[in-house]
Amino acid sequence: MIIKKFQASTETEAMMMAKEEMGSSAVIMNIKTIKQRGLARFFKNDIVEVTAALEERLNTDKIPTKTIDLVAKEQIMPELENPKTNAIEEKLNNLQNMLESKINSNEKELEEKFEKKNDSDEENSVNLKFIQLVYRQLIENEVDEKYANQIIGEIENSLKKESTVDSILAGIYQKIILKLGQPKPIEANEKHRKIVFFVGPTGVGKTTTIAKLASYFKLEKKIKLALITSDTYRIAAVEQLRTYANILDLPLSVVYTLEEFNMAVKMFDSYDLILVDTAGRSHKNNEQCNEMFHLIEDCSIGENLKKEIYLVLSAATKYKDLIMINDVYKHLKKYNIIFTKLDETTCLGNILNMKLATNVPLSYVTSGQAVPDDIAIIDAQKIARNLLGGNE
Ligand SMILES: Nc1nc2c(ncn2[C@@H]2O[C@H](COP(=O)(O)OP(=O)(O)OP(=O)(O)O)[C@@H](O)[C@H]2O)c(=O)[nH]1
Ligand SMILES: [Mg+2]
């Protein structure tokens with residue numbers, strides 16, 4: 001990581017200098033005023049010093065823009081080089097409860113805490129101010145206060161004398177990646193046959209996501225694939241999937257009842273992957289949801305077929321609503337989450353919030369309407385960089 005400092009009479013000027021010299025991929029790591037103390041006047045002095053960093057080593061060319069920079073189809077599916085994190089993640093999870101009780105959930109108190117430490121330890125004050133900037137960045141990206149506090153608290157607790165803003169940022173970055181966890185994409189082959197249900201609220205992109213994945217599995221992975229739709233609620237819904245099935249030359253079965261569903265599964269017993277589209281359900285409509293749960297839970301798929309469920313959620317949905325939706329779907333017990341419409345939001349905090357609130361594994365993200373290109377296995381590094389402000 002290259003780190004440089006830029007001084008100017010205003011923050012904007014200093015930022016401009018940083019951007020000019022280091023490019024738009026630079027991450028602003030610290031902004032401080034010279035000869036001033038106290039967080040309240042942090043941005044108000046005559047001379048402002050901006051510390052900017054440029055990551056040299058990350059596996060992508062650029063720090064992504066606010067709209068996550070999804071890669072092209074041929075690049076999207078290779079195995080992600082996520083760290084083997086389970087053990088560390090477990091430890092971090094164990095720390096969560098302890099930290100939660102220690103850390104104030106309100107920014108003012110956090111500031112007071114920082115200021116108290118500033119008085120007693122001048123050296124540490126730069127680090128603490130930097131941590132506060134990161135905290136604000138997380139909040140700006142709509143990471144829930146509780147989780148921002150949790151991350152900051154963990155870092156604060158591990159602060160050492162020799163800590164630098166560089167090592168702190170690396171620590172926070174790493175923590176977010178660990179918290180996002182390993183992605184859980186669909187894996188199917190002759191030996192591991194799968195039937196995969198896509199469920200979720202109306203209009204989130206279930207059918208489009210199925211089309212994107214069907215294209216990938218058929219054309220890239222050469223997997224023997226069939227489609228079933230139980231979304232007979234709208235005539236257009238069947239036609240939508242039929243169009244993709246025709247283009248991809250895939251068999252499609254339209255089912256109205258559980259019996260028809262079971263027959264379709266039998267009919268597709270020589271297929272290694274069956275993707276099932278379901279009708280969008282409002283989480284507030286119990287009857288509709290129960291009907292769908294009944295299909296998923298009571299279908300007979302035989303021993304050779306493993307059932308998987310993907311809950312499709314829009315990244316643009318409010319966190320409170322996402323939690324309410326998840327509360328309904330958690331009836332299904334084991335499922336993974338796909339986040340769609342990343343292109344329709346500038347804040348990706350909800351992705352981290354949902355992972356931490358539910359512990360449901362994340363799988364794919366989609367960022368546009370284009371079939372098949374606008375889908376990728378979730379990339380924790382990209383999300384983490386975005387949440388830390390690597391986006392301007
Ligand atoms: N911007 C954006 N639009 C998307 C994305 N994914 C899907 N869409 C669009 O969202 C709209 C709804 O997509 P569908 O795939 O029909 O959604 P659905 O969940 O199947 O909808 P229902 O079956 O009615 O519940 C369409 O216009 C899609 O093109 C995405 O990642 N980004
Ligand atoms: Mg649909």
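## Side note on the packing of aromatic side chains
Following the criterion strictly, the structure yields 6 aromatic pairs and no others. Centre to centre, the rings of F197 and F261 are 5.6 Å apart; their planes meet at 25 degrees, and the pair counts as stacked. Taken as a pair, F197 in strand β4 (residues 193-199) and F261 in helix α10 (residues 258-267) lie far apart in primary sequence, 64 residues in all. Residue F197 is classed as buried on the basis of its relative accessible area of 0%. The buried category is assigned to F261, whose relative accessible area is 0%. Members of the aromatic cluster, connected to one another through ring pairs, are F198, Y310 and Y364. In this structure, K224 is placed above the aromatic ring of Y271, and the distance from its NZ or CZ to the ring centre is 4.6 Å.

## Focus: the site of ligand 1
Within the structure, ligand 1 sits among 19 residues, and K206, T207, T208, D343 and T366 are positioned closest to it. At 3.0 Å from an oxygen atom of ligand 1 is found a main-chain nitrogen or oxygen belonging to G203. A distance of 3.3 Å separates an oxygen atom of ligand 1 from a polar atom in the backbone of G280. Within the complex, the protein chains bury 83% of what would otherwise be the 650 Å² of accessible surface of ligand 1.

## A word on the sheet that holds strand β5 (residues 225-229)
Taken in spatial order, the 8 strands make up an open sheet running β6-β5-β7-β4-β8-β9-β10-β11, and their pairing is mixed. Of all strands in the sheet, those with a lone pairing partner are β6 (252-254) and β11 (375-377), marking the two edges. Neighbour to neighbour, the strand axes of the sheet diverge by 20 degrees on average, direction disregarded. Here β4 runs beside strand β7 (residues 273-277); their pairing, made up of 5 bridges, is parallel. Bridge pairing in β7 links K194 to L273. Strand contacts of helix α11 (residues 286-298): β4 and β8 (305-314), with the helix running at about 175 degrees to β4, the strand carrying the most contacts.

## Notes on the packing of helix α8 (residues 206-220) against helix α9 (residues 235-248)
Orientation of α8 relative to α9, taken along the N-to-C sense of each, is 15 degrees, at an axis distance of 10 Å. The angle between α8 and α9 falls in the class roughly parallel. Relative to α9, the crossing made by α8 is right-handed. Here T207, T208, I210, A211, A214, S215, K218 and L219 of α8 lie close against α9, whose contacting residues are Q240, L241, Y244 and L248.

## Regarding the nonpolar core
Ranked by size, the top nonpolar core spans 71 residues in total, and within it I176, F261 and F339 carry the most contacts. Viewed by domain, this core spans two of them, domain 2 (86-180) and domain 3 (193-379), each represented by three or more residues. Contacts of F261, omitting those with residues within four sequence positions, involve I195, F197, I228, V255, V276, L295 and C299. In terms of nonpolar packing, the next biggest core, distinct from the first, is built from 26 residues, A214, A245, L250 and I377 among them.

## Some thoughts on unusual backbone geometry
Along the chain, V371 connects to P372 via a cis peptide bond; the corresponding omega equals 5 degrees. By the secondary structure assignment, P372 is in the loop between β10 (362-366) and β11. A positive phi is found at E142, a non-glycine position, where the angle reads about 65 degrees. Relative to the elements of secondary structure, E142 occurs in the loop between α5 (122-140) and α6 (145-157).

## Re α8
Taking 1.5 Å per residue, 15 residues should reach 21 Å; α8 reaches 21 Å between its end C-alpha atoms and fits that length. With 12 of 15 residues buried, α8 is to be regarded as a mostly interior element. Buried within α8 are the following residues: K206, T207, T208, T209, I210, A211, K212, L213, A214, S215, Y216 and F217. Just beyond α8, the residue with positive phi is K222, at close to 55 degrees.

## Comments concerning the pairing of β8
Counted residue by residue, β8 has 8 buried out of 10 residues, so it is predominantly covered. Of the pairings in the sheet, the one linking β4 to β8 comprises 7 bridges and is parallel in character. Within the sheet, the bridge partner assigned to I195 lies in β8 and is K307. Of the pairings in the sheet, the one linking β8 to strand β9 (residues 336-340) comprises 5 bridges and is parallel in character. Opposite L313, over in β9, you have F339 as the bridge partner.

The rules behind the values
Residues numbered from 1 in each chain as written. Chains lettered and ligands numbered in written order. Predicted model: local features only at pLDDT ≥ 70, side-chain atom pairs only at ≥ 80, totals over all residues. Heavy atoms only, no water. Phe/Tyr/Trp six-rings, centres within 6.5 Å; stacked < 30°, edge-to-face > 60°. Helix = DSSP H or I, 4+ residues; strand = E, 2+ residues; numbered from the N terminus. Buried < 20%, exposed > 50% of the residue type's maximum accessible area, 1.4 Å probe, protein only. Lys NZ or Arg CZ within 6 Å of the ring centre and 35° of its normal. Near = heavy atom within 4 Å. Polar contact = N/O pair within 3.5 Å; in protein donor to acceptor, adjacent residues only side chain to side chain. Areas by Shrake-Rupley, 256 points an atom, 1.4 Å probe, with all protein chains shown as cover. Pairing = 2+ DSSP bridges. Axes fitted to C-alpha atoms, helices over the stretch in contact; angles between N-to-C directions. Contact = heavy atoms within 4.5 Å. Parallel < 35°, antiparallel > 145°, perpendicular 65-115°, else oblique. Left-handed = near helix turned anticlockwise from the far one by under 90°. Core = buried A, V, L, I, M, F, W, Y, C linked by side-chain atoms within 4.5 Å. Domains from an automatic or database assignment. Expected span 1.5 Å × (residues − 1).

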